[in-house]
Amino acid sequence: MNGARISVTTEDGKPVAEATTDAQGKWDVQVEDPGRYKVTLDLGSLPQNAEARGGTNVRTLSVHEGNCSTALFPLQPKGAAQDQAQQSGDNSAFWTRAAQLTFEGFNLGLIIALAALGLSLIYGTTGLTNFAHGELVTLGAILAYGFNAGMGLGLIPAAAIAVVVAGLLGYLQDRFFWGQLRRRGTGIIAMMIISIGVALFLRYLFLIVFGGQTEAYTEYNAQPGVQVGPISAAPKNFVAMGIELVVLIIVGIALLRTRTGKAARAVADNPALAASSGINVDRVVRIIWTSGGAIAALAGIMLGLSQNLKYTMGQEMLLLIFAGVTLGGLGTAFGALIGSLVVGLFIQVSTLWVPPELKSVGALAVLIIVLLVRPQGILGRRERIG
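The structure contained in this document is the topic of the report that follows. (Residues numbered from 1 in each chain as written. Predicted model: local features only at pLDDT ≥ 70, side-chain atom pairs only at ≥ 80, totals over all residues. Heavy atoms only, no water.)

Here we look at the overall build of the protein
Across its full length, the protein holds 12 helices and 8 strands. Whereas a compact globule of 386 residues would reach a radius of gyration of roughly 21 Å, the protein reaches 24 Å, a difference of no more than 12%. The dimensions of the protein, computed from C-alpha atoms along their principal axes, are 80 × 50 × 35 Å. When burial is assessed residue by residue, the protein has 43% of its 386 residues classed as buried. Accessible surface, the protein as shown: approximately 20,100 Å² in total, 61% of it carbon and sulfur. The centroid of the 27 positive side-chain charges in the protein is displaced by 16 Å from the centroid of its 23 negative side-chain charges. (Helix = DSSP H or I, 4+ residues; strand = E, 2+ residues; numbered from the N terminus. Rg over C-alpha atoms; globule rule 2.2 N^0.38 Å. Buried < 20%, exposed > 50% of the residue type's maximum accessible area, 1.4 Å probe, protein only. Areas by Shrake-Rupley, 256 points an atom, 1.4 Å probe, with all protein chains shown as cover. Lys, Arg positive; Asp, Glu negative; His and termini not counted. Charge placed at Lys NZ, Arg CZ, Asp CG, Glu CD.)

If you want it as structure tokens, here you go:
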């Protein structure tokens with residue numbers, strides 16, 4: 001649309017520049033310094049029959065040196081939002097929204113599954129309930145952001161490097177910290193409490209290094225939606241879901257078909273028997289920690305693609321990770337996948353009937369109900385106690 005006025009200011013309101021859209025609705029503003037800027041669309045400059053979609057005309061962008069940032073202001077015919085609201089009671093509108101929420105729930109469930117997979121494998125092989133696992137998710141997102149925004153790498157190579165570095169840090173964690181505690185005979189309860197301390201330490205380390213603000217990757221921020229039947233989503237969401245599915249399938253095949261995978265399942269079933277059979281338990285556990293750290297980092301990167309990055313993103317996701325692992329069955333990799341998908345789907349689809357603020361509460365209620373019926377989880381095994 002031609003002639004819409006755009007103004008750019010700093011976060012504290014200092015004017016920077018103004019621009020007017022061309023015939024294709026495009027505009028461009030050059031800023032001298034990197035930082036965060038507010039971009040405002042002048043609603044008075046729009047035609048009388050047009051309005052901003054969503055009712056907001058302000059965007060806040062992070063601009064990095066040598067990179068461009070994009071702000072999109074979708075428009076719609078005036079009154080379209082009211083017409084849509086009036087039609088929301090129709091059956092077609094309900095099922096369209098249900099399909100959209102199911103897609104979003106599946107997307108969220110896959111991200112939770114990636115993070116839960118590493119946590120479940122670590123618990124299965126060591127018995128450790130690692131409360132610092134959420135910080136591994138945050139670590140992956142922050143590492144990718146550092147390589148992307150800080151070093152100017154494209155997001156794809158930055159993400160690949162971040163996954164490798166996070167895997168290496170996972171190995172070092174077990175080699176010099178958790179492995180040492182196991183050799184000293186530290187109890188599982190004590191190690192769990194230590195993991196809470198590690199989580200707090202890493203969280204506030206991220207706050208110091210990354211800051212308390214929200215940030216975004218320099219690429220794939222504002223993509224026009226793609227309509228697939230009743231579902232509308234940015235292309236990055238489809239690509240991310242494909243990557244998540246491929247990684248989960250590869251890990252599943254590795255657990256079932258490779259020698260290391262079979263050894264990991266043997267250690268999870270009975271570490272003492274596995275050791276007496278000639279399996280190097282410490283080596284298997286190190287491989288699990290390395291893989292768990294890398295997969296958790298990938299989950300953090302995918303989460304950062306679907307929302308902005310902040311230092312508490314892993315902490316906020318940790319409860320959902322535990323819910324997925326517990327629902328599927330503690331220590332079972334495939335149970336973590338199924339449980340996470342159930343949690344993700346229920347969180348999103350439940351907003352058809354409950355306020356969005358209560359969607360996580362509903363997912364935890366489902367967790368409690370399922371565990372009352374099947375305490376071992378969906379794929380867990382019954383165990384004799386006492």
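Structural notes on the packing of aromatic side chains
Working definition: an aromatic ring pair is given by the centre-to-centre distance plus the angle between the planes. Taken as a whole, this structure holds 5 aromatic pairs when the rule is applied. With a centroid separation of 4.8 Å and an interplanar angle of 75°, the aromatic rings of Phe177 and Trp178 are classed as edge-to-face. An aromatic cluster is present here, built from Phe177, Trp178 and Trp289 joined pairwise through their rings. (Phe/Tyr/Trp six-rings, centres within 6.5 Å; stacked < 30°, edge-to-face > 60°.)

Some details on helix α6 (residues 235–257)
Between its first and last C-alpha atoms α6 spans 33 Å; for 23 residues at 1.5 Å apiece the expected length is 33 Å, and the two agree. Burial in α6 covers these residues: Lys236, Asn237, Ala240, Met241, Glu244, Val247, Leu248, Val251, Gly252 and Leu255. (Expected span 1.5 Å × (residues − 1).)

A short note on the packing of helix α10 (residues 313–328) against helix α11 (residues 333–349)
Interaxial distance between α10 and α11 falls to 7 Å at its minimum, and their mutual angle equals 125°. With respect to α11, the element α10 is oriented oblique. Here α10 runs over α11; the crossing is right-handed. Packed against α10, whose contacting residues are Leu320, Ala323, Gly324, Val325, Leu327 and Gly328, the element α11 presents Gly335, Ala336, Gly339, Ser340, Val342, Val343 and Ile347 at the interface. Residue composition of the contact of α10 with α11, by class: 8 nonpolar, 5 polar and no charged. (Axes fitted to C-alpha atoms, helices over the stretch in contact; angles between N-to-C directions. Parallel < 35°, antiparallel > 145°, perpendicular 65-115°, else oblique. Left-handed = near helix turned anticlockwise from the far one by under 90°. Contact = heavy atoms within 4.5 Å. Nonpolar A, V, L, I, M, F, W, Y, C, P; charged D, E, K, R; others polar.)

With respect to the pattern of salt bridges
On inspection of all chains with the given rule, the structure shows 6 salt bridges. In this structure, Lys310 and Glu316 form a salt bridge, with 3.3 Å as the shortest nitrogen-oxygen distance. What makes Glu316 partly exposed here is its relative accessible area of 45%. Via salt bridges that share partners, Asp174, Arg182 and Arg286 belong to a single interconnected network. (Salt bridge = Lys/Arg side-chain N within 4 Å of Asp/Glu carboxyl O.)

Concerning helix α9 (residues 281–306)
With 26 residues, α9 extends 37 Å from end C-alpha to end C-alpha; this agrees with the ideal 38 Å at 1.5 Å per step. Of all 26 residues that make up α9, 20 are buried, and the element is covered over most of its length.

Looking at the environment of Leu136
Residue placement: Leu136 occurs in helix α3 (residues 133–150). For Leu136, a relative accessible area of 7% translates into the label buried. Separated by 159 residues in the primary sequence, Leu136 and Ile295 have C-alpha atoms spaced 9.2 Å apart. For Leu136, the residues in contact, after removing those within four places along its chain, are Gln173, Gly293, Ala296 and Ala297.

Considerations on the nonpolar core
With 82 residues, the main nonpolar core has Tyr217, Met317 and Ile321 as its most contacted residues. Here the element with the most residues in this core is α9; it accounts for 14 residues. Each residue touching Tyr217, except ones within four places of it in the same chain, is listed here: Ala141, Ala144, Tyr145, Asn148, Leu155, Gly300, Ile301, Gly304, Leu305 and Leu309. Membership of the second largest hydrophobic core comes to 13 residues, among which are Val8, Val29, Ala71 and Phe73. (Core = buried A, V, L, I, M, F, W, Y, C linked by side-chain atoms within 4.5 Å.)

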